[in-house]
Structures are given as structure tokens and as C-alpha cells.
Amino acid sequence: MVSTTAEVVYQRPESFTDVHTHYCPGCTHGIAHRLIAEVIDEMGLREKTIGVAPVGCSVFAYKYFKMDFVEAPHGRAPAMATGIKRVLPENTVFTYQGDGDLASIGMAEIMHAAARGENITVIFINNAIYGMTGGQMAPTTLPGMKTTSSPFGRDVELTGHPIRMAEILAIMDGSGYIVRRSLHNAANIRKSKKAIRLAFEAQERGLGFSMVELLSSCPTNWKISVRDSMEFIADKMIPVFPLGDYKVSPSLEGLKV
Amino acid sequence: MAKELLKGNHAFAEAAIRAGVEAFYGYPITPSSEFLEYMSSRLPSLGRAFVQAESEVSAINMVYGAACAGKRAMTASSSPGISLMMEGISYIAGTEVPAVVVNVMRGGPGLGNIAPSQGDYYQMIKGGGHGDYFPIVLAPARVQEAIDSIELAFDLAEKYRSIVHVIVDGNMGQMMEPAELPPMKEISKEVPDWAVTGAKGREPNTLTSIYLAPEDEEVTNLRLLKRWKEIEKNEVLYQEYQLDDAEILVIGFGTAGRVASSAIREAREEGIKAGLLRPITLAPFPQERLIELTKQVRRILVVEMNSGMMLDDVMKIVKGQVPVEFYGRMGGMTPLPDEILDEIKRVAANKGPGSDDPRDEWIPRLEGRILGEK
Amino acid sequence: MPVSGWIVVDDFYCKGCELCIEACPEDVLELDMDRLTPKGYHPVKMIEETCTGCGICAIVCPDAAITVYREKPVKQARR
Ligand SMILES: Cc1ncc(C[n+]2csc(CCOP(=O)(O)OP(=O)(O)O)c2C)c(N)n1
């Protein structure tokens, strides 16, 4: 007779605190948080990591990670991360930013951090909307998309076009790893985790600025169900924000993670 | 060490280096750019952090980051740049981390000009950024005093986990003056227990200025206020000149105070008993000393390179006990000793009751002088 | 015989968002309409014994609320 034991296939990452998050049900901020925590656990970085939380729905990110954290002014996380990394170059420093934070008010900070090749990792949550302030138009809002400040749908003639940050940051000479992934289903979440791993690997190897853009849901402000929000990412967002590797430093190629 | 002939901005920057600054982040602006340039040439070879940021907004947030990491961090800028930094300054104050900001003030508002001014008094002393907080403000008047102020600024910033402003004007930034630099200080290996350095073998540290519950924010505001009361008790600095028997009290800070002291010397030669109170800490203001002096002097003349900003603070303290008069130059104009001497003479002869707003009498006098100078 | 597995849902974290229910390849998950979490959500529960312990539910869970177990044969030590 064969006896059996219980093997743990998955459990809550160690880098998480025992705190219930304030995110709405089905919001993928939580998934992104979890993937970061898993990667940091796997790489054994928890005790040397310093996170930089943004202003946005993830303003309280520091409550959920069991690691040192600061909370930056709106959009300034890359500047704060620069300030920290330059005085603590041996530490792992990452920012976590939404699309309003990174691609609107913090556009200068993110571009120049990339241009300087700051050896930091940026996790960029693109949910095409301003979540925290109640669903206004973001720089990533899709053409025609209704928000509380584009109630008739985003008119690109009047309000401009969505900004594709991964593409923009990839052309900066200082960036070492720039990709876009999505969090709308298990297969894509797996790929997202791998990308986050590679971004932190890039930092550990001193390859310069690394950024993972994650297409994310905001069922509450999109005013649709959780299930529909995942479909929205797949059907509506990915065509505007194509997934892919926009820049991968040759030193990362072939790295098995 | 012997005295050397030092240029203001260079001397201040070297003083910061010797005081152990580990990170300087800045953005070019006249008349403070030499500060940044000097740092760019010195810090990298010392293995310390230097970044020319993309803006003052970014520079102050880099300072914020390094301060959170428990390092001595600073920036230097000038008025328009300081305006941009106010967001970060407020966050630094709200997070209760130490940082030093040097403002080499220039004429304003707006783009103004690059000439020396004291027009940022309100912005620097009253907070400038949003929310309830109390910056410490040092206003040295000589290169040597500024050198000493920089190290003091770091010490105070760390002692009170506070933002400390050192404000000078373009005169001082550009001035060549004999001064002595302190010896190079060894960088402290001590890491403050609140700093973010990686949670190795301890509970994680978080540094934030958000207190979502008003109850918590109020407790924080109260903590900052009580700390400020301690600072007011312990850290007041000022210089006195010829005050023992003074009947006319001149009050001025920075360059205006320095020019006033020359005028006072001349006034004394003409037999006028004038003396100077020059606050070195504008915040906290030498309030107690001023109250004492109101019992001694007959009249007060406030001299500034702005429209009478410190004047308001003086009036608040003097409470009408003694008539207060005002003389200011604005827009980047520096008063000459002769101008202040004229004012001292006029004030000494004036037996009038003094007006509710000394500016009312000053405006036509200034207009007359401007016409005369044309 | 397929490997058998099971999950434990931590009610403290679960927000009943149903992402795991959507994602489960074996359709063994459902909201428990008889229970409420401390935050007032109906938590997810296993309704069938056919769970394989694949872990997909945990991969899509935004709240790290699910622990996944799998049965693993133990080699008998030879006597
Ligand atoms: C200087 C400043 N301007 C505006 C705000 C208000 N504000 C808070 S969060 C936010 C937008 C956040 O949106 P995003 O970065 O997309 O993150 P999300 O909430 O969607 O995760 C804004 C405009 C602020 N806190 N500070």
C-alpha cells in the first residue's frame, strides 16, 4: 500500500503581512502585490528591499508587505527611489505606481529615472483609470472609454490619446528590462510573475532601470463585474497596449527563472 | 585652520561636505548654481551621492528618499525652485525626517530677477507648503556664519527630525569673504532606528505622511507643535550690536541686518544711540529678547529687503508698546548703509505716535527715493 | 487515478470576488452563501472532491487567501 502526505502547492508569501487589503473584490492590485511578494521571497530579498508606495489606490501598499517602505508624493516615487538607491546601492529598491501616478503627474520623474539608468525596479499598474479619486480619465484611458471626467467617452480629439509607457521607456538608453504583461487570467499572471522576477534580477545584476507594466482591472470604477473586467482587459486593453518584451538586456536572455 | 578667501556658495557647499552630507540633489538656478556645481565636482570622488535632477520637484523628492534612508541629505536652490520644492518639503515635514534646504533668495514674484532679495520670508518662515508644520529657519549674514549654520542645520534637523531652511540672498552666495572651514567630519556609522535600510533582523520600518484618520493626523499635528515649542525654548539665536544703551532698535536679518550694522556705526558717530538686533534664527524668532528690548528702547526700525514681512512678526511681538517703523527695498534692491542711516536719523527725530501699518508711511518715502535715484 | 488535492480558504482575506471560481479547471469551487467573512463577504468553498491541487485558484487570487495542498505518495522506507 502507498501512503501519502500533504504537500503544500501554494501558500501566502512570507513577505506579506497578515493584513486584509483595502482593495475592492477582484481588483488586480492584490495579484500584483502577491507576485512581487512571491518573487522577493524566492530571491531572498525581503531583508534588503525598500519599497516606494505611490499616491493612488496602492497608497497603503506598505501595510501589506513585510519590508521597509516609504510613501511618496503623487508621481514622485522614481525620484524618491533614486534618492534612496543612490545612498543605499546594495539594497533592492522598487516603486509601485498607478497610471495616473506614473504616466501623468509623474511623467518627468519616470522618464528621467529611466534616462539615468537608475538601478531600480518599477511595477506599473495600468488600469486605464484613476482608481483612488473615483474613476476619472487617466493618461491610459482607452479611446471612447467612459469615465467620470469623460462621461461621453474619451474623445481623442479633445483629450488626446492613451500613452504607451512600455514602448516609450524601452527607447531610453538607461533602461535594461521593459515589458508589458497582463493580470487577467492564470496564464498571463504566471507570465507576469516571471517578468517581475526578471525585473528584480535585472536590478540585482545592475542592468539599469527595469519596469513591468501590468494591465490591471478596476471593476468598481469601470462599473462592470469582476468577470467582465477580465474580459475587458483581454478584448479592449490588450489591442491598445500590446503585451510583449519591449527591451530585454542581453545579460538576461536565457536566464531561467 | 587659517582663514581663506571663500566664495559664498562654494564655502556653503564645502561646509556641508565637511558636516558629512551624504547626498546632494539639485537643479540649476541662479544665484545658487555654484552650490550644485561645487557638489558635482566634490561628492562623487568622496563616494557620496550627487544627482542633477530633472526639476526641483524631483530634487526635493530625492532628498526625501535619502533622508528616509537615514542619510544627511540636502538641496540648494533659489526662490522659484523653492516654490517647486514646497510639495516635497511638506511631505518631509509630515514624515518627520531630517533634511536641509538652502535658499539663495532672489527677486520675485514670478521669474523676477536674479538679484538678492528677502522676499521669501513668508514662504520659508510660515511653512510655504501645505498643512500644519514648523520649519526651522536660519538666516546667516556672513560667509563664516553661513558655514557654521550649515552644520548646525544638520544637527537641528536630526535632533528634531525636522526640515531646516538656511536662507541667504544672492549677495552672500556670490560674496568673497575671509572665512574658516571646519575640519572634515567623519560620516556617522549610526543608523537612526526609524530609517528604511532593509528590514534585516528587525520589524519593517515604514515612513509616510499619510494619517487617514483625522484623529491620528491631529495627534501628529500636536506632536509637531509640541516639538516646535521645544525648539522655540532651546534654539533661538541672534546677534546684538550696540544694544546696551540703545534708544533706537534696528531689526534686520541677513544682508539687510549686515548693512544696518554699518549704518548704526555711523549713527553712533553722530551721537544717535542706535543698536541692532539681528535674528539668526528667524524661526524660532528671538521673541523674548525683543520683548525685553521694548522696555528699553524708544523706537524700533525694521529693515528688510522685502515689503515688510518680518515686520508683521515684530509688530505682533511688540504689541504697540513702542512705535515701529519700517524701511525696505524690494525687487532685488539692496539698501545702502546711507539709506539706512537716513532712516535711523529720521526715526530718532520722530516723536509721532507711529502708525498701525508702518508701510503706509514708508511707501511714499520709498517712492521719493526711487525718483531721486533716477 | 488523478492526484487529489484540496484548498483551504482563509476567510479573513477572502472577498468573494469569484476569480478563483472562474479559473478553476475542475469547477470545484463556489461561494458559500451560508457564511459571511468578518468583512461581510461570502467566502469561496470547495464543493467537489475532484480538486487536483493544481493551484490555479491561488494564482488568480488577489488576496492570497488560498492555501493549496496536494497528496503526495511517500516512499516506504525499507525494513
Ligand atoms: C498632487 C496631487 N494631485 C492629486 C492628487 C489626487 N489623487 C490621488 S490618487 C490620484 C490618481 C491615482 O490614479 P492612479 O495613479 O491611476 O492609481 P490607481 O488609484 O488607479 O491605482 C489622484 C489624482 C494627489 N493626491 N496629489
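Residues numbered from 1 in each chain as written. Chains lettered and ligands numbered in written order. Predicted model: local features only at pLDDT ≥ 70, side-chain atom pairs only at ≥ 80, totals over all residues. Heavy atoms only, no water.

A. Expanded view of the domain arrangement of chain B. All names here are of chain B. As far as domains go, chain B holds domain 1 (4-234) and domain 2 (238-373). Taking only C-alpha atoms, the centre of domain 1 and the centre of domain 2 are 29 Å apart. Across the boundary between the two partners, domain 1 contributes 30 residues, which contact 26 residues of domain 2. For the domain 1 and domain 2 pair, buried surface summed over both sides reaches about 2,200 Å², with 51% attributable to carbon and sulfur atoms. Looking at the side of domain 1 facing domain 2, the largest losses of area belong to Gln118, Tyr121 and Tyr122, adding up to 32% of the total buried there. Where domain 1 packs against domain 2, one counts 3 salt bridges. Inspection of the domain 1/domain 2 interface yields 15 residue pairs in polar contact (both at pLDDT 80 or more). When residues of the side of domain 1 that touches domain 2 are traced back to their parent elements, those giving at least two are α5 (121-125), β6 (136-138), β7 (163-169), α7 (170-174) and α8 (214-234). (Domains from an automatic or database assignment. Contact = heavy atoms within 4.5 Å. Buried area = accessible area lost by both parts, 1.4 Å probe. Salt bridge = Lys/Arg side-chain N within 4 Å of Asp/Glu carboxyl O. Polar contact = N/O pair within 3.5 Å; in protein donor to acceptor, adjacent residues only side chain to side chain. Helix = DSSP H or I, 4+ residues; strand = E, 2+ residues; numbered from the N terminus.)

B. A look at the sheet that holds strand β1 (residues 3-10) of chain A. Spatially, β1(A)-β4(C)-β1(C) is the arrangement adopted by the 3 strands of the open sheet, whose pairing is antiparallel. Because the sheet does not close on itself, it has two edges, and the strands there are β1 of chain A together with β1 (5-9) of chain C. Strand-to-strand twist across the sheet, computed as the mean angle between neighbouring axes with direction ignored, equals 30°. Strand direction decides the pairing type here: β1 of chain C and strand β4 (residues 66-74) of chain C, joined by 5 bridges, are antiparallel. (Pairing = 2+ DSSP bridges. Axes fitted to C-alpha atoms, helices over the stretch in contact; angles between N-to-C directions.)

C. How the structure looks around the interface of chain B and chain A. Opposite the 34 residues of chain B that make contact, chain A presents 32 residues. Approximately 2,500 Å² of surface area, both sides summed, lies buried where chain B meets chain A, with 63% of it carried by carbon and sulfur atoms. Where chain B meets chain A, there are 4 salt bridges. Asp68 of chain A is the partner of Arg202 of chain B in a salt bridge, and the nearest nitrogen-oxygen pair spans 2.6 Å. Where chain B touches chain A, the interface holds 13 residue pairs in polar contact (both at pLDDT 80 or more). Those elements that provide at least two residues to the side of chain B that touches chain A are β2 (23-26), β3 (49-52), α3 (56-68), α4 (79-95) and β9 (206-207) of chain B. Sort the elements by how many residues they give to the side of chain B that touches chain A and α3 of chain B lands first, with 8 residues. Grouping the amino acids of the side of chain B that touches chain A by side-chain chemistry returns 19 nonpolar, 9 polar and 6 charged. Taken together, the 2 bridges between strand β3 (residues 68-71) of chain A and β9 of chain B define a ladder with parallel strand orientation. Bridged to Phe69 of chain A within β9 of chain B is Thr206 of chain B. (Nonpolar A, V, L, I, M, F, W, Y, C, P; charged D, E, K, R; others polar.)

D. Local environment of the environment of Ile59 of chain C. With respect to the helices and strands, the residue Ile59 of chain C is situated in helix α2 (residues 56-60). A relative accessible area of 14% means that Ile59 of chain C is categorised as buried. Between the alpha carbons of Ile59 of chain C and Gly5 of chain C there is a distance of 15 Å; along the sequence they are 54 residues apart. Filtering out sequence-adjacent residues up to four positions away, Ile59 of chain C remains in contact with Ile31, Arg34, Ala186, Ile189 and Arg190 of chain A. (Buried < 20%, exposed > 50% of the residue type's maximum accessible area, 1.4 Å probe, protein only.)

E. The side chain of Arg154 of chain A, seen in detail. Residues and elements named next belong to chain A. Within the secondary structure layout, Arg154 lies in the loop between β7 (136-137) and α6 (156-159). This buried residue, Arg154, is left without a salt bridge; Asp155 holds the nearest opposite charge, at 8.3 Å. For Arg154, the side chain forms a polar contact with the main-chain oxygen of Thr159, separated by 3.0 Å. (Lys, Arg positive; Asp, Glu negative; His and termini not counted.)

F. Summary view of the interface of chain C and chain A. Tallying the contact residues gives 30 residues for chain C and 35 residues for chain A. Carbon and sulfur atoms supply 60% of the area buried between chain C and chain A, which totals about 2,700 Å² over both sides. Per-residue buried area on chain C facing chain A is highest for Tyr13, Lys15 and Ile59 of chain C; these three make up 21% of the total on that side. At the boundary of chain C and chain A, one finds 2 salt bridges. In this structure, Arg70 of chain C engages Glu7 of chain A in a salt bridge whose closest nitrogen and oxygen atoms are separated by 3.8 Å.

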